[in-house]
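Structural overview for review
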Amino acid sequence: MEYKFSDIEAQIQSFWREKEIYKVSEQSGRPPFYVLDMFPYPSGAGLHVGHPLGYIASDIFSRYKRLKGFEVLHPMGYDAFGLPAEQYAIQTGQHPEVTTDINIKRYREQLEKIGFSYDWSREFRTSDPSYYKWTQWVFARLFESFYDISLQKARPIEALVAHFEEHGSKGISAFCGEECSFTAQEWKSYSEHEKSDILMHYRLAYLGESIVNWCPALGTVLANDEVSEGLSLRGGHPVEQRKMKQWCLRISAYAERLLKSLETLEWTESLKETQRNWIGRSEGAEINFFLPSIEEHLTVFTTRPDTIYGVSFIVLAPESELLERVVTSEQQEAVAEYLMATKRKTERERMAERKVTGVFTGAYAEHPITKELIPIWTSDYVLAGYGTGAIMAVPAHDTRDFSFARHFNLPIVQVVVPEGEEASNPITWQEAKPSKAGKLINSPLINNLSVKEQLPK
């Protein structure tokens, strides 16, 4: 007898659909378990082998947990918004809604044929207004909120306005992107536009400027994953770094809460560490360096103010607004050429880059303690989004600063002797000695003190 597997599979899968055997009930009494796949982009002609392979693995795990007695929620959805759908619609000449709907039906048909154990009653697409209205709702809540430091939670922006009307900025316990000082009378005298600008420094969702990957040919901003070697993955068009107004979230306001909440999650330690790095909370100090050429101060943020005596040069991010003001006429051409090359790299590529590059600006900064003049450089290993977009380089105790100093023959001064070692000449070193434990040397005001005594509390 012929084994008609196609008929059998169609019959069984029809039975699964009719009985909704994978539908999840919150009242089943069984312990819940959630298995979430990365949703596919319904923007091509169908699934490719990269999709089923990942889904097969998660489906096996879902079935295993069901057999172990868990109520397993295993949903499927479609990442149907944005560039992939738009570009596919442009290529085919059809409206994005039409092509997206056609492709989703094709995707689901293929997924069902494979026999995955999805609860199809939970299916959704990110381009559906019933879905993205909730992302808009979240954004609106963030926009209409500020972060109360004393209560460690978000509060309505109206409460902040009420405080300003009665007390001005005095006594306010709110996280602020830029310190503001004004009286109640001054607040009342401000125009609506001026009030709006002030409140923007407090809102949890605010309009700010940030460096993005801009692709003129596609007419849009691209994520780092969509760019490789200065070209867009879709179409191979040139991509450049550009500063643009963007809606941002003031994550730094509640970074501590994120970190504390992370400890309660039943995740692997490696995944938690990845999240800690993404949150990126740092404790340190801001230090001012006087710039004689423009008679202003340059502020840098550092987590190691104890190494101040080891600073031998300053590095500005290529996007720093200060760069064009301090660069000398003799170095303008060299700096301009370097900036053009940097624009073709994404932030991720710059962070991963191990090749040392940079240009001297011709300018100098005055060391705040020794009053010595130290050179100011620009290099793509400094990112505009970190701190103030400028660093005080301590090459003896930072790996990238060390490589930069060696490459450009800049001074290296040891100011920390790691525990168990003796002071030595950095000329003999093969790498930096980044140590958070040891004794401070070559630092007149804090000589012989331990690093632990000087680190930010």
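Cut-offs and rules
Residues numbered from 1 in each chain as written. Predicted model: local features only at pLDDT ≥ 70, side-chain atom pairs only at ≥ 80, totals over all residues. Heavy atoms only, no water. Helix = DSSP H or I, 4+ residues; strand = E, 2+ residues; numbered from the N terminus. Buried < 20%, exposed > 50% of the residue type's maximum accessible area, 1.4 Å probe, protein only. Contact = heavy atoms within 4.5 Å. Areas by Shrake-Rupley, 256 points an atom, 1.4 Å probe, with all protein chains shown as cover. Lys, Arg positive; Asp, Glu negative; His and termini not counted. Charge placed at Lys NZ, Arg CZ, Asp CG, Glu CD. Pairing = 2+ DSSP bridges. Axes fitted to C-alpha atoms, helices over the stretch in contact; angles between N-to-C directions. Core = buried A, V, L, I, M, F, W, Y, C linked by side-chain atoms within 4.5 Å. Salt bridge = Lys/Arg side-chain N within 4 Å of Asp/Glu carboxyl O. Parallel < 35°, antiparallel > 145°, perpendicular 65-115°, else oblique. Nonpolar A, V, L, I, M, F, W, Y, C, P; charged D, E, K, R; others polar. Phe/Tyr/Trp six-rings, centres within 6.5 Å; stacked < 30°, edge-to-face > 60°. Lys NZ or Arg CZ within 6 Å of the ring centre and 35° of its normal. Arc of directions from axis to C-beta. Polar contact = N/O pair within 3.5 Å; in protein donor to acceptor, adjacent residues only side chain to side chain.

In this section: the overall build of the protein chain. When its secondary structure is counted, the protein chain shows 15 helices and 19 strands. On the principal axes, the C-alpha backbone points of the protein chain span a range of 90 × 60 × 50 Å. Burial statistics for the protein chain: of 457 residues in total, 38% are counted as buried. Counting contacts in the protein chain only where the partners sit at least 6 residues apart, residues at least 24 apart contribute 63% of the total. By element, 53% of the accessible surface of the protein chain is carried by carbon and sulfur atoms, the whole surface being about 26,900 Å². Within the protein chain, the 63 negative side-chain charges are centred at a point lying 5 Å from the centre of the 50 positive side-chain charges.

This part is about the pairing of strand 13 (residues 296-302). Regular strands show a simple pattern: their side chains alternate between the two faces of the sheet. Where strand 12 (residues 285-291) and strand 13 come together, 7 bridges link them in antiparallel fashion. Bridging from a neighbouring strand, Leu291 pairs with Glu296 of strand 13. A loop of 4 residues connects strand 12 with strand 13, the two strands running antiparallel in sequence, and Glu295 in this loop sits at a positive phi of about 55°.

It is worth spelling out the pairing of strand 5 (residues 145-148) at this point. Side chains Ser145 and Tyr147 project from strand 5 onto one buried face, and the interleaved Phe146 and Asp148 project onto a second face that is buried too. Sheet topology note: the strand 5/strand 6 (residues 153-156) ladder contains 4 bridges and is antiparallel. Bridging from a neighbouring strand, Ser145 pairs with Pro156 of strand 6. The hairpin formed by strand 5 and strand 6 contains 4 residues between the paired strands, and Gln152 there has a positive phi angle of roughly 55°.

Time to look at the sheet that holds strand 7 (residues 205-215). The strand order across the open sheet built from 3 strands is 8-7-11, with neighbouring strands paired in antiparallel fashion. Each edge of the open sheet is held by one strand with a lone partner, namely strand 8 (220-222) and strand 11 (240-249). On average, adjacent strands in this sheet sit at an angle of 55° to one another, irrespective of strand direction. Relative to strand 8, strand 7 runs antiparallel, the two sharing 3 bridges. Counted as the bridge partner of Asn213 is Leu222 from strand 8.

Core analysis: the largest hydrophobic core is formed by 29 residues, its most contacted members being Phe289, Leu298, Ile314 and Met392. Filtering out sequence-adjacent residues up to four positions away, Met392 remains in contact with Ile287, Phe289, Val300, Thr302, Arg304, Thr307, Ile308, Val311, Phe313, Ile314 and Asp401. Of all hydrophobic cores here, the second largest spans 16 residues; its members include Tyr381, Ala396, Phe402 and Leu410.

Side-chain pairs of opposite charge can arise whenever the charged atoms involved come near each other. Tallied over the entire structure, the rule returns 25 salt bridges. Of the charged contacts, one joins Asp59 and Arg63 as a salt bridge, the two residues approaching to 2.8 Å between their closest N and O atoms. Here the residue Asp59 and the residue Arg63 both occupy positions in helix 2 (residues 50-67), the gap between them amounting to 4 residues, near one helical turn. Judged by relative accessible area, Arg63 falls into the partly exposed class, the value being 29%. In this structure, Asp306 and Arg304 form a salt bridge, with 2.9 Å as the shortest nitrogen-oxygen distance.

Even without glycine at this site, Glu229 takes up a positive phi of about 55°. Tracing the sequence through the fold places Glu229 in the loop between strand 9 (227-228) and strand 10 (231-232). Taking the relative accessible area as the measure of exposure, Glu229 reaches 71% and is therefore exposed. In this model, Asn409 sits at a positive phi of 55°, which is unusual for a non-glycine residue.

Moving on to the packing of helix 9 (residues 255-262) against helix 10 (residues 269-279). Between helix 9 and helix 10, the shortest axis-to-axis distance is 10 Å and the interhelical angle comes to 180°. As judged from the angle between their axes, helix 9 and helix 10 are roughly antiparallel. Residues Ala255, Leu258, Leu259 and Leu262 of helix 9 pack against Lys272, Gln275, Arg276 and Ile279 of helix 10. Each residue belonging to the contact of helix 9 with helix 10 can be placed in one class, and the counts come to 5 nonpolar, 1 polar and 2 charged.

Let us now look at the environment of Cys180. By secondary structure assignment, the location of Cys180 is in the loop between helix 6 (157-167) and helix 7 (184-189). Between the C-alpha atom of Cys180 and that of Arg234, which follows or precedes it by 54 residues, the distance is 44 Å. In contact with Cys180, not counting residues within four places along its chain, are Ser169, Ile198, His201 and Tyr202.

Both the distance between ring centres and the angle between the ring planes are used here to describe each pair of aromatic rings. Here the structure, examined in full by the defined rule, presents 29 aromatic pairs. Over the aromatic face of Phe70 sits the side chain of Lys65, whose NZ or CZ is 4.0 Å from the ring centroid. Between the NZ or CZ atom of Arg203 and the centre of the ring of Phe143, over which it lies, the distance is 4.0 Å.

Another aspect to go through is the environment of Arg66. Looking at the element boundaries, Arg66 is found in helix 2. Those residues within four positions of Arg66 in sequence are excluded, and the remaining contacts are Tyr22, Val72, His74 and Ser117.

When helix 10 is considered as a whole, its buried residues turn out to be Lys272, Arg276 and Ile279. Down the axis of helix 10, the smallest arc covering the buried residues is 60°, so these residues share one side. Opposite the buried face of helix 10, at more than 90 degrees from it, the exposed residues are Ser270, Asn277 and Trp278. Packing partners of the buried residues in helix 10 comprise helix 9.

What follows concerns helix 3 (residues 83-92). If you check which residues of helix 3 are buried, you get Leu83, Pro84, Ala85, Gln87 and Ala89. Looking at the buried positions of helix 3, the neighbouring elements they touch are helix 4 (96-114) and strand 8. Count one or two residues on from helix 3 and you reach Gly93, which has phi positive near 80°.

Attention now goes to the side chain of Thr378. Along the polypeptide, Thr378 turns up in strand 16 (residues 373-378). Within the structure, Thr378 has its side chain in polar contact with the backbone oxygen of Leu316 (distance 3.0 Å).

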